[in-house]
Amino acid sequence: MGLFVLDAALSQGEIWHHQGLRLRVSVNISVRHLLDARFIADLGTALAQYPGIPADHVEIEVTEGAPLQDFERAQQALVQVNALGVRVGLDDFGTGNASLTYLQKLPTQTIKVDQSFVHDIVDDPRDLAIIAAIITAARVLGLEVVAEGVETARTAQLLDEMHCHLLQGYLIAKPMPAAAIPEWVAQYHIPVRSLASACQESESSVLTGHYHRVQQFIAALRGEEPFPEHVLEPDAAQKCHLGLWLQTEGVAQFGDDPAYSIITARHQRLHHLSMEAKVALDTGQKDEALRKVRWLGMENDALLAEIKVLMEAPTSPSGSISPAQHLPS
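Thresholds, definitions, all that
Residues numbered from 1 in each chain as written. Predicted model: local features only at pLDDT ≥ 70, side-chain atom pairs only at ≥ 80, totals over all residues. Heavy atoms only, no water. Helix = DSSP H or I, 4+ residues; strand = E, 2+ residues; numbered from the N terminus. Buried < 20%, exposed > 50% of the residue type's maximum accessible area, 1.4 Å probe, protein only. Contact = heavy atoms within 4.5 Å. Pairing = 2+ DSSP bridges. Salt bridge = Lys/Arg side-chain N within 4 Å of Asp/Glu carboxyl O. Axes fitted to C-alpha atoms, helices over the stretch in contact; angles between N-to-C directions. Parallel < 35°, antiparallel > 145°, perpendicular 65-115°, else oblique. Left-handed = near helix turned anticlockwise from the far one by under 90°. Core = buried A, V, L, I, M, F, W, Y, C linked by side-chain atoms within 4.5 Å. Expected span 1.5 Å × (residues − 1). Bend = angle between axes of the 7 residues up to and from the residue. Patch = residues over 30% accessible without salt bridge, like charges linked within 9 Å, V, L, I, M, F, W, Y side chains within 5 Å. Areas by Shrake-Rupley, 256 points an atom, 1.4 Å probe, with all protein chains shown as cover.

Trainee: What am I meant to see in the overall build of the protein here?
Mentor: Helix and strand counts for the protein stand at 15 helices and six strands. Evaluated residue by residue, the protein yields a buried proportion of 45% over its 329 residues. At a minimum sequence separation of 6, the contacts of the protein that also span at least 24 residues come to 67%.

Put into structure tokens, the structure is as follows:
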């Protein structure tokens, strides 16, 4: 089966290259084939059989659980894969038991973040934090990051602003026959549209996530997107992305600054306005709901501006370093 997959993938990759489509082809390799003593010979034979696709346009993908069966043998095999000029991708990253060790010791050029972390980053601050940490580590190590399971333009834009520019999922395309690829490539338009946001200049993923949550809520009131979670519940201000940050890192670094209490009060007001707007919409007062939306947008712009000023201060009153000084650029 492994030989058949290699042959089919490289054969198709060569056809695309002859058509002028210099696409990278990623090939999933089973654990059994990767750890087999004949694997490197099999890969070398396949590359020699299809010289029309350069080796650096071939990527071997292994699942994160594969090296657990025999780490040293897997490591040696992947080193030999790189020696052939072929890239190595780590699939389903984050779902195994030794992710950081893999980044440290495996010769990997690409990590594909599992969709279980990507799907809810607009709603779940824990997933957002994990994705931000993976992106930061990958950038420092010079690795490509691919986010799997991207299904909405909102998720795509949030990832793009977090410096993850390679996306995979139904928003991009669903599986299709190889023969359909050339026409699809010719007609494809990137789904991420650039928005001028007050937080794009900040390196805080929390603020980026917060900005998109507010924008999604406003779009939901207009019937354009689904409502995000942790906006309308009574304790939503303590559960949302920004609320959790204000209660932890925010209060630790800026709790003594007079601006902190102003920011937390404005954050509470945002949630209060959101609930009022939703009630107005549900009771048929669409004009009133849209009026609240405009007010909500202005309050959020003010909130982001105040946080930005706070972050850009050299130090907090207690002498601690502000996020602007230690967040990655």
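Trainee: Is there a simple way to explain the pairing of strand E3 (residues 87-93) in this structure?
Mentor: Strand residues, when the strand is regular, have side chains that alternate between the two faces of the sheet. For E3, a buried count of six out of seven residues is recorded, marking the element as mostly surrounded by other parts of the structure. Sheet analysis places strand E2 (residues 58-63) next to E3, joined by five bridges and oriented parallel. Residue pairing across strands places Glu61 opposite Gly89, the latter belonging to E3.

Trainee: Got a minute to help me understand the pattern of salt bridges in this structure?
Mentor: Once the charged atoms of two side chains with opposite charge are near each other, the side chains can pair. Tallying each qualifying case throughout the model produces 19 salt bridges. With a shortest N-O distance of 2.8 Å, Glu225 and Arg154 are connected by a salt bridge. Residue Glu225 is located in the loop between helix H10 (205-221) and helix H11 (236-239), and its partner Arg154 is located in helix H8 (residues 153-161); the two are separated by 71 residues in the primary sequence. For Arg154, a relative accessible area of 7% puts it in the buried group. Through salt bridges with shared partners, a single network forms among Arg24, Glu59, Arg87 and Glu144.

Trainee: How should I be thinking about the packing of helix H3 (residues 39-49) against helix H4 (residues 71-83) in this particular structure?
Mentor: Packed helices, taken two at a time, are described by their axes: the angle between them and the distance between them. The N-to-C vectors of H3 and H4 enclose an angle of 20 degrees; their axes lie 10 Å apart at closest approach. Considering their axes alone, H3 and H4 lie roughly parallel with respect to each other. Crossing of H3 over H4 shows right-handed handedness. Note on element contacts: H4 touches H3 through Ala77, Gln80 and Val81, opposite Phe39, Ile40 and Leu43.

Trainee: What is the right way to read the nonpolar core from this model?
Mentor: With 54 residues, the main nonpolar core has Leu10, Ile60, Ile111 and Ile131 as its most contacted residues. Sorting elements by how many residues they give to this core places helix H7 (residues 125-141) first, with six residues. With residues near it in sequence (within four places) discarded, Ile111 still touches Leu90, Phe93, Leu103, Ile134, Ala138, Leu143, Glu144, Val145 and Val146. Formed by 25 residues, the second largest nonpolar core is a distinct cluster that contains Tyr211, Phe254, Leu296 and Ile307.

Trainee: Would you take a moment to explain helix H12 (residues 241-254) for this structure?
Mentor: Look at H12: only 17 Å from first C-alpha to last across 14 residues, short of the 20 Å you get at 1.5 Å a residue. The sharpest bend along H12 reaches about 40 degrees and sits at Gln247. His241, Leu242, Gly243, Trp245, Leu246, Gly250, Gln253 and Phe254 are the residues of H12 that are buried.

Trainee: Whenever I open this one, a nonpolar patch on the surface confuses me. Can you help?
Mentor: There is a patch of nonpolar side chains on the surface, built from Phe227, Leu232 and Met275 and spanning about 200 Å² of accessible area. Along the chain, Met275 turns up in helix H13 (residues 258-282). Under the relative-accessibility criterion, Met275 is labelled partly exposed at 30%.

Trainee: Looking at this structure, I do not really get the side chain of His210. What am I missing?
Mentor: If you trace the backbone, His210 turns up in helix H10. What makes His210 buried here is its relative accessible area of 5%.

Trainee: I keep staring at the environment of Gly89 and nothing clicks. Help me out?
Mentor: For Gly89, the location among the structural elements is in strand E3. A relative accessible area of 0% means that Gly89 is categorised as buried. Gly89 has contacts with Glu59, Ile60, Glu61, Val62, Thr108 and Thr110, leaving out every residue within four places of it along the chain.

Trainee: Sorry if this is basic, but what is going on with the side chain of Glu299 here?
Mentor: Within the element layout of this structure, Glu299 appears in helix H14 (residues 286-312). Setting aside residues up to four positions removed in sequence, Glu299 forms contacts with Arg266, Arg269, Leu270 and Leu273.

Trainee: Sorry if this is basic, but what is going on with the sheet that holds E3 here?
Mentor: Strand pairing in a sheet relies on backbone hydrogen bonds. The paired strands run either parallel or antiparallel. The six strands are arranged E1-E2-E3-E4-E5-E6 in an open sheet whose pairing can be described as parallel. Two strands lie at the open edges of the sheet, namely strand E1 (25-28) and strand E6 (166-167), each paired on one side alone. Together, E1 and E2 form the strand contacts of helix H1 (residues 2-18), whose direction differs from that of E1 by roughly 175 degrees. In the packing of H4 onto the sheet, contacts are made with E2 and E3, and the angle to E3 comes to roughly 135 degrees.

Trainee: What's the story with the packing of H8 against H10 in this structure? I'm lost.
Mentor: The N-to-C vectors of H8 and H10 enclose an angle of 160 degrees; their axes lie 10 Å apart at closest approach. As summarised for this structure, H8 and H10 are arranged roughly antiparallel, according to the angle between their axes. Considering how the two elements wind past one another, H8 and H10 form a crossing that is right-handed. Contacts between H8 and H10 involve Arg154, Gln157, Leu158 and Glu161 from the former and Thr208, Gly209, His212, Gln215, Gln216 and Ala219 from the latter.

Read these as spatial facts, not as claims about activity.
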